[in-house]
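Here is how the chains run, residue by residue.
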Amino acid sequence: MTAGKGSIVKAGEAMGFKQLFDDDSSTYTYLLWDPSTKDAIIVDPVDIQVDRDLKEIESLGLNLVYGVNTHAHADHITGTGLLKTKIDGFQSVISDASGAKADIKIGPGDKIVFGSRSISVRATPGHTEGCLSYVADDESFVLTGDTLLIQGCGRTDFQGGSAEKLYNSVHSQLFTLPDETIVYPAHDYKGRTSAKLGDEKKTNPRLGEGKTESDFVEIMKNLNLSYPKKIDVAVPANMRCGVPDVE
Ligand SMILES: N[C@@H](CCC(=O)N[C@@H](CSS)C(=O)NCC(=O)O)C(=O)O
Ligand SMILES: [Fe+2]
């Protein structure tokens with residue numbers, strides 16, 4: 001008889017975490033890892049930053065398992081296609097609801113496991129139909145993608161966006177987490193890196209205390225944002241998780 005393989009996560013031990021920034025699209029990429037085994041995932045890598053990411057991964061001694069997308073981005077091409085060409089066995093991940101091609105499709109309630117650590121998957125549609133947020137195993141942080149931004153949120157005017165769905169996603173899936181949970185978004189346009197969820201519940205000008213669903217729908221109707229410059233190349237590429245079209 002051979003014993004099975006197990007691991008112990010010491011109480012209070014923090015997950016390995018590194019936040020990286022792409023100036024061109026103001027995108028945050030996240031490296032998360034198990035400090036004991038160094039098994040790791042990368043969340044929302046950007047194609048033009050893959051060499052930087054690989055250097056980080058090497059210097060931290062990480063074994064990258066998955067490249068996880070929060071959604072099919074409209075403003076930049078995901079790095080998951082390029083990373084597949086650089087790391088043997090590396091697999092791309094995106095939501096089933098995105099309709100995108102990937103090695104692995106996931107949905108609400110699923111867990112992404114690396115070593116003895118994990119993030120759990122919450123469906124947070126509204127910015128796009130397939131948007132997901134990822135909650136750390138100890139609920140110390142949540143990666144909100146473009147669903148909840150610091151003092152803002154993702155736009156809801158294209159790619160199957162819906163202000164009603166986004167409002168409901170934030171209130172039912174994100175604002176139900178503890179106040180101490182740290183929000184790490186996929187973008188910030190003002191140099192902010194994180195926020196306490198409790199502060200967003202209170203003061204987010206679109207979704208915080210006192211803002212009703214109809215207030216929110218009105219706010220989103222009047223954002224008047226210009227379309228992302230790279231949308232026409234980014235969306236088709238991201239529907240293949242960044243793998244070049246061979247047809
Ligand atoms: N100017 C940028 C695009 C800016 C933009 O539209 N950002 C998106 C997230 S990327 S899909 C968004 O949801 N913004 C919400 C907001 O309130 O700013 C470009 O040309 O790429
Ligand atoms: Fe987006």
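Residues numbered from 1 in each chain as written. Chains lettered and ligands numbered in written order. Predicted model: local features only at pLDDT ≥ 70, side-chain atom pairs only at ≥ 80, totals over all residues.

Digging into the overall build of the chain
Then comes step 1: Along the chain, the regular secondary structure elements total six helices and 14 strands.
Then comes step 2: Its C-alpha atoms give the chain a radius of gyration of 18 Å, near enough to 18 Å, the size a compact globule of 247 residues would have.
Then comes step 3: Taken along its principal axes, the extent of the C-alpha atoms in the chain is 60 × 50 × 35 Å.
Then comes step 4: When the 247 residues of the chain are sorted by exposure, 45% land in the buried category.
Then comes step 5: If you take every contact in the chain between residues at least 6 apart in sequence, the share linking residues at least 24 apart comes to 61%. (Helix = DSSP H or I, 4+ residues; strand = E, 2+ residues; numbered from the N terminus. Rg over C-alpha atoms; globule rule 2.2 N^0.38 Å. Buried ≥ 20, exposed ≤ 12 C-beta atoms within 10 Å, placed from the backbone. Contact = placed C-beta atoms within 7 Å.)

Some details on the site of ligand 1
Then comes step 1: Every residue lining ligand 1 is accounted for by S25, H73, A74, D75, D146, G152, G154, R155, H187, L225, P228 and K229.
Then comes step 2: Here the shell around ligand 1 is built from residues that sort into three nonpolar, five polar and four charged. (Near = placed C-beta within 6 Å. Nonpolar A, V, L, I, M, F, W, Y, C, P; charged D, E, K, R; others polar.)

A few points about the sheet that holds strand β13 (residues 182–185)
Within a beta sheet, neighbouring strands are joined by backbone hydrogen bonds and run either parallel or antiparallel to one another.
Then comes step 1: In space, the six strands of this open sheet follow the order β7-β8-β9-β10-β13-β14, with mixed pairing throughout. The strands lining the two open edges of the sheet, one partner per strand, are β7 (111–114) and β14 (195–196).
Then comes step 2: Direction of pairing for strand β10 (residues 141–145) relative to β13: parallel, over a ladder of four bridges. Opposite V142, over in β13, you have V183 as the bridge partner. (Pairing = 2+ DSSP bridges.)

Some words on unusual backbone geometry
Then comes step 1: Unusually for a residue other than glycine, K38 sits at a positive phi of about 70°.
Then comes step 2: Summarising the element assignment, K38 is placed in the loop between β2 (27–33) and β3 (39–43).
Then comes step 3: Here Q159, not a glycine, exhibits a phi torsion of approximately 55°, which is positive.
Then comes step 4: Locating Q159 in the fold gives a position in the loop between β12 (152–153) and α3 (163–174).
Then comes step 5: Accessibility expressed as a C-beta count within 10 Å gives 20 for Q159, which makes it buried.

Things to note about the sheet that holds strand β6 (residues 104–106)
Then comes step 1: Strand order in the open sheet made by the six strands is β1-β2-β3-β4-β5-β6, with mixed pairing throughout. With one partner strand each, in any of the chains shown, β1 (16–22) and β6 form the two edges of the open sheet. This sheet shows a mean twist of 25° between the axes of neighbouring strands, independent of strand direction.
Then comes step 2: Pairing geometry for β1 and β2, over seven bridges, is antiparallel. If you follow F21 over to β2, its bridge partner there is Y28.
Then comes step 3: Packing of helix α1 (residues 50–60) onto the sheet brings it into contact with β1, β2, β3 and β4 (63–68), and relative to β1 it is tilted by some 160°. (Axes fitted to C-alpha atoms, helices over the stretch in contact; angles between N-to-C directions.)

A few points about the UniProt feature "domain: Metallo-beta-lactamase" (unreviewed entry) in the chain
Then comes step 1: Residues annotated by UniProt as "domain: Metallo-beta-lactamase" (unreviewed entry) correspond here to residues 26–187.
Then comes step 2: As annotated, residues 26–187 has a helix share of 19% and a strand share of 34%, and its two end C-alpha atoms lie 6 Å apart. (UniProt positions renumbered as here; feature names shortened; annotations may be inferred.)

Considering the nonpolar core
Then comes step 1: Counting residues in hydrophobic clusters, the biggest one holds 52 residues, and the most contacted among them are L32, A40, I41, V43 and Y134.
Then comes step 2: Not counting chain neighbours up to four residues away, the residues in contact with L32 comprise M15, G16, F17, A40, I41, V43, F114 and I119. (Core = buried A, V, L, I, M, F, W, Y, C linked by C-beta atoms within 7 Å.)

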